[in-house]
Amino acid sequence: MGGNQAWWRRYPRVVDAAVVLVALFLTLGMMRFAGRPPTRRVLNPVDYGYAAAACAVLLMRRRWPVGVLVVTVLLAMGHGVILLAVEHGAMREHGPQFLPGQVALYGVAAARGGRAGLVAGAALLAAAGTTQMVVAPGELSLGVVALVTSTGLAVAAGAGVRTQRAYVATLEERAVRAERARREEAARLVGEERVRIARELHDVVAHQLTLINAQAGVALYLHEGGQSEPARLAETLSHVKDDSKQALAELRSIVGLLGAPEVPREPVPGLDRLDDLAASFARAGLTVEVRRQGETRAVPSAVDVSGYRIVQEALTNVSKHAATATARVSLDYAPDTLKIVIADDGAGQGSGGGSGRGLIGMRERAAAVGGEVTAGHRPGGGFLVEAALPLGDQ
């Protein structure tokens, strides 16, 4: 069905030409075989001229449906009057032919709707009745009854086609809207995934490279200082190797989301790995104290990951900007909220020495699970990050 509709729409002039040819053939046939009973009549130049002119006008019915109807009806009336004068009593037997006008009437109903079609149909019947009274006063032929019936069918067919076109247009519009909505949703999901991956990359790179940089600095100090501590130097380089290996593993897991699902992924870190996180910072020269209050329990996975990343980012900022050797992490498990506090005693710099992307990432992670993060300088010195993450029903 869709292919046929596409063909009709693709070649409207071919369709119109076919309609004209069929209408011309039927009009000539009806003028040749008509009467009571049907008799064969020899057509004259007036008949051919009327049929050709009335049917040719139908080529413009799409652009001017009402105008074409008026012209075809006037031609039919003129044809009847001329034949009455030329053939005298012939029209009394055969009557005028309004087939081209009925085709034009169909075009009016299809273009303007059923109400316009009814009005135009009534006008056509009035014109046909007037012509009939002129050429055959006082007679009601079967041709008039057929004309009334065929006129009603033309109006009904045109109105039905208009309704069907409107229905198809509605379906097509819905399909277009659905496709647009699908594309917008896909673009939104892609954007959210990009933001999430960018955030993960920032967390991994900022944390691991900060540790590697600090440990490399310690190793360089031990080497250039000429101190006889080969064991400590080897231990520091071993930490650099381990941390870089871990960073590569996490990067592979993130890259695996971009089209390489076969790459093995390590478990996503959570709050249960805070002690390991603190140990990694300790190797870089930052002592981290982790304290837990309340009933320690499992939390929703999204909160677990977000909490870990917030602590990781906050400690990374401390290591990079706070100019201090100690930091404290406190986890308070309330009935419906997990409160996380990261504090340091750094002098002057706080966590504001960077681009601010870390603080934005922490707030985004908290907002993603329905929580919030506040950060700022402490009155007595240092920097404080506080996060409140909802635990929901446990």
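In this text, all values refer to a predicted model and were calculated from it rather than measured experimentally.

### Section: the overall build of the chain
Then, in step 1: What the chain contains, in helices and strands, is twelve helices and seven strands.
Then, in step 2: Here the contacts in the chain between residues at least 6 apart in sequence split such that 71% fall between residues at least 24 apart.
Then, in step 3: Per element, the accessible surface of the chain, about 21600 Å² overall, is 62% carbon and sulfur.

### Concerning a nonpolar patch on the surface
Then, in step 1: Taken together, the side chains of Val22, Phe25, Leu26 and Met30 present a nonpolar region at the surface, about 400 Å² in accessible area.
Then, in step 2: On the secondary structure map, Phe25 appears in helix H2 (residues 12-32).

### Some remarks on the pattern of salt bridges
Then, in step 1: Inspection of every chain in the model, using the stated rule, returns eight salt bridges.
Then, in step 2: The partner of Asp345 in a salt bridge is Arg378, with the nearest N and O atoms 2.9 Å apart. Separated by 33 residues along the polypeptide, Asp345 in the loop between strand S5 (337-344) and helix H12 (357-368) and Arg378 in the loop between strand S6 (372-377) and strand S7 (383-390) bring together distant segments of the chain.
Then, in step 3: Under the relative-accessibility criterion, Arg378 is labelled partly exposed at 27%.
Then, in step 4: Several salt bridges converge on common partners, so that one network encompasses Glu179, Arg182 and Arg183.

### A closer look at helix H3 (residues 45-57)
Then, in step 1: In a regular helix each residue adds 1.5 Å, so 13 residues correspond to 18 Å; H3 covers 18 Å between its end C-alpha atoms and thus fits that length.
Then, in step 2: All of the buried residues in H3 are Asp47, Tyr50, Ala51, Ala54, Cys55 and Val57. Seen from one end, H3 has its buried residues packed into an arc of 155°, which puts them on one side.

### Considering the pairing of S5
Then, in step 1: For S5, the tally of buried residues reaches six of eight residues, placing the bulk of the element in the interior.
Then, in step 2: Bridge count between strand S4 (residues 326-333) and S5: seven bridges; the pairing is antiparallel. Within S5, the position partnered with Ala327 by the bridge is Asp344.
Then, in step 3: Two elements, S5 and S7, share eight bridges in a ladder whose sense is antiparallel. Its bridge partner being in S7, Lys339 is matched across the sheet by Ala388.

### Some details on H2
Then, in step 1: The end-to-end C-alpha separation of H2 is 30 Å, in line with the 30 Å expected for 21 residues at 1.5 Å each.
Then, in step 2: For H2, the full list of buried residues reads Val15, Asp16, Val20, Ala23, Thr27, Leu28 and Met31.

### Re the nonpolar core
Then, in step 1: Formed by 33 residues in total, the largest nonpolar core has its most connected members in Leu315 and Ile342.
Then, in step 2: Among the elements of the structure, helix H10 (274-283), helix H11 (301-321), S4, S5, H12 and S7 are those that each provide at least two residues to this core.
Then, in step 3: Sort the elements by how many residues they give to this core and H11 lands first, with seven residues.
Then, in step 4: Once you skip the residues sitting within four places of it in the chain, Leu315 turns out to touch Leu277, Phe281, Leu286, Val288, Ala327, Val329 and Ile342.
Then, in step 5: If you look at the next biggest cluster of nonpolar residues, it comprises 27 residues, including Leu69, Ala76, Val103 and Leu105.

### Observations regarding the environment of Ala51
Then, in step 1: Positionally, Ala51 belongs in helix H3.
Then, in step 2: Here the alpha-carbon distance between Ala51 and Ala23, two residues 28 residues apart in the chain, equals 8.7 Å.
Then, in step 3: When sequence neighbours within four positions are dropped, the list of residues in contact with Ala51 reads Leu24, Thr27, Leu28 and Met31.

### Observations regarding the sheet that holds S6
Then, in step 1: Across the sheet, which stays open at both edges, the five strands sit in the order S3-S4-S5-S7-S6 with mixed pairing between neighbours. In this open sheet, the two edge strands, each paired with only one partner strand, are strand S3 (287-294) and S6. Across the sheet, the mean angle from the axis of one strand to that of its neighbour is 10°, orientation sign disregarded.
Then, in step 2: Taken together, the eight bridges between S3 and S4 define a ladder with parallel strand orientation. Across the sheet, Arg291 pairs through a bridge with Ser330, a residue of S4.
Then, in step 3: Its contacts with the sheet put H11 on S3, S4, S5, S6 and S7, and the angle it makes with S5 is roughly 10°.

### Some details on the side chain of Thr72
Then, in step 1: Among the secondary structure elements, Thr72 is positioned in helix H4 (residues 65-87).
Then, in step 2: Excluding anything up to four places from it in sequence, Thr72 contacts Ala54, Val57, Leu58, Pro100, Gly101 and Ala104.

### A word on the packing of H2 against helix H6 (residues 99-112)
Geometry of a packed helix pair, given as the angle between the helix axes and the separation of the axes.
Then, in step 1: Two numbers describe how H2 lies on H6: the axes approach to 9 Å, and their chain directions differ by 145°. In this structure, H2 uses Val19, Ala23, Leu26, Thr27 and Met30 to contact H6, whose residues at the interface are Leu99, Pro100 and Val103.
Then, in step 2: Looking at the contact of H2 with H6, its residues break down into seven nonpolar, one polar and no charged.

### Digging into the confidence of the model for the chain
Then, in step 1: When pLDDT is averaged along the chain, the result is 77; 70% of the residues meet or exceed 70.
Then, in step 2: A low-confidence stretch, residues 348-352 stays under pLDDT 50, and its non-local contacts, those more than four residues away or across chains, total ten contacts.

### What about the packing of H11 against H12?
Then, in step 1: Packing of H11 against H12 brings their axes to within 9 Å, and their N-to-C directions diverge by 165°. Between H11 and H12, the angle is such that the two are roughly antiparallel. Taken as a pair, H11 and H12 cross one another with a handedness that is left-handed. Packed against H11, whose contacting residues are Ser306, Arg309, Ile310, Glu313, Ala314 and Asn317, the element H12 presents Gly358, Met362, Arg365 and Ala366 at the interface.
Then, in step 2: Residue classes in the contact of H11 with H12 are distributed as four nonpolar, three polar and three charged.

What counts and how
- Residues numbered from 1 in each chain as written.
- Predicted model: local features only at pLDDT ≥ 70, side-chain atom pairs only at ≥ 80, totals over all residues.
- Heavy atoms only, no water.
- Helix = DSSP H or I, 4+ residues; strand = E, 2+ residues; numbered from the N terminus.
- Contact = heavy atoms within 4.5 Å.
- Areas by Shrake-Rupley, 256 points an atom, 1.4 Å probe, with all protein chains shown as cover.
- Patch = residues over 30% accessible without salt bridge, like charges linked within 9 Å, V, L, I, M, F, W, Y side chains within 5 Å.
- Salt bridge = Lys/Arg side-chain N within 4 Å of Asp/Glu carboxyl O.
- Buried < 20%, exposed > 50% of the residue type's maximum accessible area, 1.4 Å probe, protein only.
- Expected span 1.5 Å × (residues − 1).
- Arc of directions from axis to C-beta.
- Pairing = 2+ DSSP bridges.
- Core = buried A, V, L, I, M, F, W, Y, C linked by side-chain atoms within 4.5 Å.
- Axes fitted to C-alpha atoms, helices over the stretch in contact; angles between N-to-C directions.
- Nonpolar A, V, L, I, M, F, W, Y, C, P; charged D, E, K, R; others polar.
- pLDDT = per-residue confidence, 0-100.
- Parallel < 35°, antiparallel > 145°, perpendicular 65-115°, else oblique.
- Left-handed = near helix turned anticlockwise from the far one by under 90°.

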